[in-house]
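Notes for the structure review
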Amino acid sequence: MTRVASENEIVDYVRAARESRTPFEIVAAGTRRGAGRPMGKLPVLDVAGVSGIVEYQPEELIVTARPGTGLAELKAVLAQKNQCLGFDPVDWTLFGGAPDFSKNGTLGGAVSADASGSGRLRHGPPRDSLLGFRAVNGFGEAFRGGAKVVKNVTGFDLPKLMCGAFGTLAVMSELTFRVYPRPSARTTLILRGQAPEAGFAALRAIWKSALEPSGLAYIPGAADFPGLGDVGEGAALIRLEAAARPLQEKIAAARLLVGPAEELEAGETVFARVGEGSLFRDNDLDVWRVTVPPTQAARVAKAINAALWWGDWAGGLLWIGAREEDAPRIRALAAQAGGHAMLLRAPAARRAALGLYAPQPPALAAVTASVRAAFDPLGLFNPGRF
Amino acid sequence: MLLAPSDPKILARRDSIVAALKKIVPDGVVEASSDLAAYESDALPSYRQKPLAAVLPRDADQVARIIRFANEAGVPIVPRGAGTSLSGGALPRGDGILMGFGRMSRILEIDYENRCVTLQPGVTNAAITRAVEGEGFYYAPDPSSQIACTIGGNIAENSGGLHCLKYGLTTNNLLGVKFVLPDGQMITLGGKAPGAGGLDLLGLITGSEGLLGVVVEATVRILRKAPVTRTMLASFDSVPDAGACVAAIIGDGIVPAAMEFMDRATIGAVESFNAPGYPDAEAILIIDADGVEADVADAMARIAIHVKACRGELREATETLARAKMWAGRKAAFAAMGKLAPDMICMDGTIPRHALPRVLEGIADLSKKHGLGCCNVFHAGDGNLHPLINFDAMKDGELAVAEEFGADILRLCVAVGGVLTGEHGVGIEKRDLMTEMFSTADLDQQHRVKCAFDSGGLFNPGKVFPTLSACIESGHMHVHGAKLPHPDLPRF
Ligand SMILES: Cc1cc2nc3c(=O)[nH]c(=O)nc-3n(C[C@H](O)[C@H](O)[C@H](O)COP(=O)(O)OP(=O)(O)OC[C@H]3O[C@@H](n4cnc5c(N)ncnc54)[C@H](O)[C@@H]3O)c2cc1C
């Protein structure tokens, strides 16, 4: 394992790897290392040391930090100025069995894995927040994409590509985000005794309103999140945020739309767990993140018929715990619904066979390969992971 | 000003090219020189050139066949929506096919339950909102050109508008596209489900200025209209006070739906144009707050405190009519320039907001240096500055001076940590300034992405990138020093 602490050191490492044609694995805190195709035994480049906040200008709504910065650290600094990251970065605690679990996930890891929690509903995934970055490509060249201002269309929007690339395009060395004000008040409403169709319909009623919800999750009765209490067949959870007085108005408006929903004390904890996938921590189910058009959520969930599952993002995301034999059905159902099934956790052999996502149609696969080659022609970075 | 010379070998084949296009779209090929005049420029009128021919496909299949033909025949394609680009993005090539989307203007599906609309690329921006407003929805990105510009053009330019600080640019409101590649194959990117299921190519093609392929269908997000919107006008005796007020509002955690800045010169121009009744001031801010009633009341009360603390005067408007009047001057800012001079160029840099006073001083100095007037409007919320340079193209050399003035302004924007363009795109206008902002390694990386899609340089050649280098295909190896300088290309 080689530790680097600066962009220059990354450049040196990549140039040497290029010389010797030696692919390597990029690791920071390692909390998401279990996702994606196993890459076999490769040299490890540890980038956790490329860390620290470079520049924070609250009035410009911008923060620049190095990717090894811990999520918890950055969140704390932003909170001091009543701001937050828009994409609600989460640590996936479902990889709890891994030896590295005690570590706090990094900013770069969250961006690369496109890891956003329930709050994504309001301000979008990482790609809607990442304004600019610096990185080292497979030619061993340091380059930048985007910029450090909130509005920019100069040249290609390369920051988008970094989000969800699982480290296959470049080794990032600096990230600039747009940040958002932290609402001064927040609450979670719960509707109990909801079958999936009715529960998701209630979530969509709020989603289609002007209430700007920051979390809309459906929890079936079998998913036992601590703090929820008895939910009967299932519960619809609605998280609203605003300044204190407007929040009361939003709660009233939400009740007009979905009927009598009570406030849930443990709402924040439940939403955190929903995003982390924490109920999968103590079992060995395969874990899938299936995205579908929100109206398809109840139907797809029913057709998959998993022992343990729940929905987030107003139905746009289904967390599914499944068995080996369910895999083809899950992929097929997601594709039919116009969505994607990401295999987040499974034994290595299955991840090797199934990949993170289903294979793409040939024309799309070809462009994707060309774009990859435009960054990393020798396939040095996380080869085959995704 | 020089335009890229046409390739005589392509011009010599004009008849056969036109014949081939007619085979694909029998009723949609424009070839007469007088008819082609309609396409000779976009909203950057100082550059003009008639295309070899124009073709107006009716569906995605025709688009794909045209592209396949052009690729095989080695004839460049310039896509065109409504031709409102301010950066010359839709400027034709003399030896190229202009592909117009005017006949692909149908809304294909409105899906309220999934909050999205699927449409053809030639649908105008405003038509989306018109189609869904009956149900209380709208499409958020609202470029001032929205009654004319098309969703295809919006996607290519990643267009913004007055409300994008709060609601985002096109890229934040686009869910999916169908996209035709240079070999005529169609790919689907994104869709109604969240997430890409692979690399975010949808994000990449948005704002790619027609260089990577052609959008033949799009799915966009619609939003529920906020129940309450109110407008305030704050006037200030100094630019730094106005700038400080903007910083204070944002720093306080308020994200106004819109926040527009106008300087004294602009206020004067619009007063003599449509008399919106603005106060006599060095700078004014027009601010929209929207949301639920209490949200808006809360924001307005806090904004009022900041305006007062920054020595500003405040007016408020609640009624639709009064709000419209407050906005009337800002919305007429472009048109009002016609009172000051026959011609105008609109610059589009973004700066960190705190640099506003310094940049406006710098622009005033440059205005003296170049001897041309300049009015400044500013999307204050997101730091996007629109200096409007006044000149007279009939006067010898004045266009060149105006362009040099504009270039100096953009250099200043980059020097304070900003960028060349916040929403209008690079096109031909800012192409030669790209090196001010990006290093060789940065530009090489972007250029390789272009090659990954379009190694033959089929789409919109000559735009965005300052020098053209050949795409090295074999093994995707990058070769330093393979740059072919193109002295024939126009300098900014
Ligand atoms: C008065 C005025 C006000 C304006 N205000 C704003 C504003 O507030 N905010 C803002 O962002 N812009 C503004 N603009 C700029 C302009 O309207 C936008 O850039 C708009 O998106 C261009 O759309 P269009 O349909 O006219 O595209 P065109 O000008 O025809 O083309 C623009 C680019 O898109 C490409 N293109 C077009 N269609 C397709 C397609 N289907 N597939 C691939 N590429 C395609 C073209 O090749 C070209 O590069 C304004 C322009 C004017 C004249």
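One numbering rule holds for all chains: residues counted from 1, following each sequence as written. Chain A is the first chain written and ligand 1 is the first ligand written, with later ones labelled in order. Since the coordinates come from a predicted model, pLDDT governs what is reported: local features require at least 70, and pairs of side-chain atoms require 80 or more to be given and counted, while whole-chain, interface and lining totals use all residues. As a rule here, side-chain values come from all non-hydrogen atoms in the structure, and water together with hydrogens is ignored.

1. Concerning the overall build of chain B
Secondary structure assignment for chain B yields 17 helices and 18 strands. Between the two quantities, the radius of gyration covers C-alpha atoms and the globule rule is 2.2 Å times the number of residues to the power 0.38. Radius of gyration (C-alpha) of chain B: 23 Å, near the 23 Å computed for a compact globule of 492 residues. Taken over the C-alpha atoms alone, chain B extends approximately 70 × 55 × 45 Å along its principal axes. Three exposure classes are used, based on accessible area relative to the maximum for each residue type with a 1.4 Å probe and protein chains only: buried under 20%, partly exposed in between, and exposed over 50%. Per-residue burial over chain B gives 63% buried out of 492 residues. Accessible areas in this description were obtained via Shrake-Rupley with a 1.4 Å probe; residue shielding takes into account the shown protein chains only. Accessible surface computed for chain B: about 17400 Å², of which carbon and sulfur atoms make up 54%. Working convention for charge: Lys and Arg count positive, Asp and Glu count negative, and His plus the chain ends are omitted. Charge positions are represented by NZ for Lys, CZ for Arg, CG for Asp and CD for Glu. Across chain B, the centroid of the 46 positively charged side chains sits 3 Å from that of the 58 negatively charged ones. Think of it this way: any DSSP run of H or I at least four residues long counts as a helix, any run of E at least two long counts as a strand, and we number them from the N terminus.

2. Some thoughts on the domain arrangement of chain A
Residue and element names in this part refer to chain A. On domain assignment, one finds that chain A holds domain 1 (2-181), domain 2 (185-276) and domain 3 (278-354). Relative to domain 2, the C-alpha centre of domain 1 lies at a distance of 31 Å. Residue contacts are defined here by distance: any two heavy atoms, one from each residue, within 4.5 Å place the two residues in contact. Domain 1 puts 11 residues into the contact, and the matching count from domain 2 is 12 residues. Counting the surface lost from both domain 1 and domain 2, the interface buries some 830 Å², and carbon and sulfur atoms represent 50% of this. Buried area is a sum: the accessible area each of two parts loses on coming together, probed at 1.4 Å, counted once for each and added. Area buried by domain 1 at its contact with domain 2 is led by Ser118, Leu121 and Arg122, which between them contribute 67% of it. The split of the chain into domains comes from an automatic or database domain assignment.

3. Concerning the pattern of salt bridges
In the sections that follow, a salt bridge refers to a side-chain nitrogen of Lys or Arg positioned within 4 Å of a carboxyl oxygen of Asp or Glu. Considering all chains together, one arrives at 51 salt bridges over all chains under this definition. A salt bridge links Asp46(A) to Arg3(A), with the shortest nitrogen-to-oxygen separation between them at 3.5 Å. In this pair, Asp46(A) is assigned in strand E3 (residues 44-46) and Arg3(A) in strand E1 (residues 2-3), connecting sequence segments 43 residues apart. For Asp46(A), a relative accessible area of 10% corresponds to the buried category. Salt bridges here are not isolated pairs; linked through shared partners, they connect Arg122(A), Arg186(A), Glu212(A), Arg239(A), Glu241(A), Lys250(A), Glu268(A), Lys166(B), Asp290(B) and Asp295(B).

4. Quick notes on the interface of chain B and chain A
In this assembly, 91 residues from chain B lie in contact with 69 residues from chain A. A buried area of about 6600 Å², summed over both sides, lies between chain B and chain A, and 60% of it is on carbon and sulfur atoms. Summed over the three residues of chain B that lose the most area to chain A, namely Glu113(B), Pro194(B) and Leu199(B), the buried surface amounts to 11% of that side. Counting every contact that joins chain B to chain A gives eight salt bridges. Between Glu113(B) and Arg204(A) there is a salt bridge, and its shortest N-O distance comes to 2.5 Å. Between N or O atoms, a polar contact is any pair within 3.5 Å; within protein, one atom must be a potential hydrogen donor and the other a potential acceptor, and residues adjacent in sequence are included only when both atoms are from side chains. Where chain B meets chain A, there are 28 residue pairs in polar contact (both at pLDDT 80 or more). For the side of chain B that touches chain A, the secondary structure elements donating two or more residues are helix H7 (164-167), strand E9 (186-190), helix H8 (201-205), helix H9 (239-251), helix H11 (293-309), helix H16 (434-437) and helix H17 (440-453) of chain B. Looking at the side of chain B that touches chain A element by element, the count peaks at nine residues for H17(B). Residue composition of the side of chain B that touches chain A, by class: 40 nonpolar, 32 polar and 19 charged. Amino acids outside the nonpolar list (Ala, Val, Leu, Ile, Met, Phe, Trp, Tyr, Cys, Pro) and the charged list (Asp, Glu, Lys, Arg) are all regarded as polar, and Gly is one of them.

5. Focus on the sheet that holds strand E1 (residues 29-30) of chain B
Strand pairing within a sheet occurs via backbone hydrogen bonds; the two strands may be parallel or antiparallel. Residue and element names in this part refer to chain B. Read across the open sheet, the four strands follow the order E1-E2-E4-E3; overall the sheet is mixed. Looking at which strands have only one partner, the edges of the open sheet turn out to be E1 and strand E3 (77-80). The pairing criterion for strands is at least two bridges between them, as found by DSSP. Of the strand pairs in this sheet, E3 and strand E4 (residues 97-100) are connected by four bridges, and their pairing is parallel. Across the sheet, the residue bridging to Pro79 is Met99, located in E4. Axes, fitted as lines to C-alpha atoms, cover a helix only where it is in contact. Angles between the N-to-C directions of the axes lie from 0 to 180 degrees. Taken strand by strand, helix H4 (residues 60-73) contacts strand E2 (53-55), E3 and E4, and its axis lies near 170 degrees from that of E4.

6. What to know about the state of the cysteines
Residue and element names in this part refer to chain B. When two cysteine sulfur atoms are found within 2.5 Å, that pair is recorded as a disulfide. Across all of its chains, the model carries one disulfide over all chains by this definition. The partner cysteine of Cys451 in its disulfide is Cys471, sulfur to sulfur 1.9 Å. Given an S-S torsion of about -75 degrees, the disulfide between Cys451 and Cys471 has left-handed geometry. Here Cys451, found in helix H17, pairs with Cys471, found in the segment after H17; they are 20 residues apart in sequence, far enough to count as distant.

7. Some words on the sheet that holds strand E16 (residues 343-346) of chain B
Residues and elements named next belong to chain B. Within the open sheet, the seven strands sit side by side as E15-E12-E14-E13-E17-E18-E16. Their pairing is antiparallel. Each of the sheet's edge strands pairs with one partner strand only, and the pair in question is strand E15 (313-317) and E16. Each adjacent strand pair in this sheet contributes to an overall mean axis angle of 15 degrees, direction not counted. Looking at chain direction, strand E17 (residues 374-379) and strand E18 (residues 384-391) are connected through six bridges and run antiparallel.

8. Here's the deal with the domain arrangement of chain B
All names here are of chain B. Entries for chain B in the domain assignment read domain 1 (8-100), domain 2 (107-224), domain 3 (228-330) and domain 4 (341-431). A straight line from the C-alpha centre of domain 3 to that of domain 4 covers 23 Å. Listed as interface residues are 13 residues of domain 3 and, on the opposing side, 12 residues of domain 4. Buried surface at the junction of domain 3 and domain 4, summed over both partners, amounts to about 1100 Å²; 68% is from carbon and sulfur atoms. Linking domain 3 to domain 4 there are zero salt bridges. Seen at the junction of domain 3 and domain 4, the total is six residue pairs in polar contact (both at pLDDT 80 or more). Of all elements in the fold, only H9, strand E13 (258-263) and helix H10 (264-274) reach the threshold of two or more residues within the side of domain 3 that touches domain 4. At five residues, the largest contribution of residues to the side of domain 3 that touches domain 4 is made by E13. Partitioned by chemical class, the residues of the side of domain 3 that touches domain 4 number nine nonpolar, one polar and three charged.

9. Comments concerning the site of the ligand
Residues and elements named next belong to chain B. Around the ligand sit 34 residues, and of these Pro79, Gly81, Thr84, Ser145 and Thr150 come closest. In this structure, Pro79 approaches the ligand through a main-chain N or O atom, which is 2.5 Å from an oxygen atom. One of the backbone nitrogen or oxygen atoms of Val215 is found 3.0 Å away from a nitrogen atom of the ligand. Contact with the protein chains removes 93% of the 980 Å² of surface that the ligand exposes when unbound. For the shell around the ligand, the secondary-structure elements that each account for two or more residues are E3, helix H6 (151-157) and strand E10 (214-221). In terms of residue count, H6 provides more of the shell around the ligand than any other element does, five residues in total. Any residue with a non-hydrogen atom lying within 4 Å of a molecule or strand is treated as near it.

10. Quick notes on H9(B)
Residue and element names in this part refer to chain B. Multiplying 1.5 Å by the residue count of a helix minus one yields the expected span of that helix. With 13 residues, H9 ought to run about 18 Å at 1.5 Å a step, and its terminal C-alpha atoms sit 18 Å apart, in line with that. Where H9 is concerned, the buried positions are Val239, Asp241, Ala242, Gly243, Cys245, Val246, Ile249 and Ile250. Buried residues belonging to H9 abut H7, strand E12 (228-236), E13, strand E14 (283-291), H11 and helix H14 (356-370). The residue sitting at the N-terminus of H9 and contributing the capping side-chain oxygen is Ser238; that oxygen lies 3.1 Å from the backbone nitrogen of Asp241. In the segment just after H9, Gly253 is the residue with positive phi, at about 85 degrees.

11. A few points about the environment of Asn460(B)
Along the chain, the position of Asn460(B) falls in the segment after H17. On a C-alpha basis, the gap between Asn460(B) and Phe261(B) in space is 34 Å, while along the polypeptide they are 199 residues apart.

12. Topic: the packing of H14(B) against helix H15 (residues 398-415) of chain B
Residues and elements named next belong to chain B. Interaxial distance between H14 and H15 falls to 10 Å at its minimum, and their mutual angle equals 155 degrees. Between H14 and H15, the angle is such that the two are roughly antiparallel. As H14 packs across H15, the resulting crossing turns out to be right-handed. In contact with Val359, Gly362, Ile363, Leu366, Ser367, Lys369 and His370 of H14, H15 contributes Val401, Glu404, Phe405, Asp408, Ile409 and Leu412. By the definition adopted for this analysis, an angle is roughly parallel if under 35 degrees, roughly antiparallel if over 145, roughly perpendicular if from 65 to 115, and oblique otherwise. Each crossing gets its handedness from the near helix: less than a right angle anticlockwise from the far helix is left-handed, clockwise is right-handed.

13. Things to note about the side chain of Thr129(B)
Take Thr129(B): it is sitting in helix H5 (residues 125-132). Residue classification places Thr129(B) among the buried positions, given a relative accessible area of 17%.

14. Considering H17(B)
Count 3.6 residues to each turn of an α-helix, and residues three or four apart come out pointing the same way. Compared with the 20 Å implied by 1.5 Å per residue over 14 residues, the 20 Å span of H17(B) between its first and last C-alpha is a close match. With 13 of 14 residues buried, H17(B) is to be regarded as a mostly interior element.

15. Considerations on the environment of Lys41(A)
The residue Lys41(A) is located in the loop between strand E2 (25-27) and E3 in this model. Expressed as a C-alpha distance, the spacing of Lys41(A) and Val153(A), which sit 112 residues apart in the sequence, is 41 Å.

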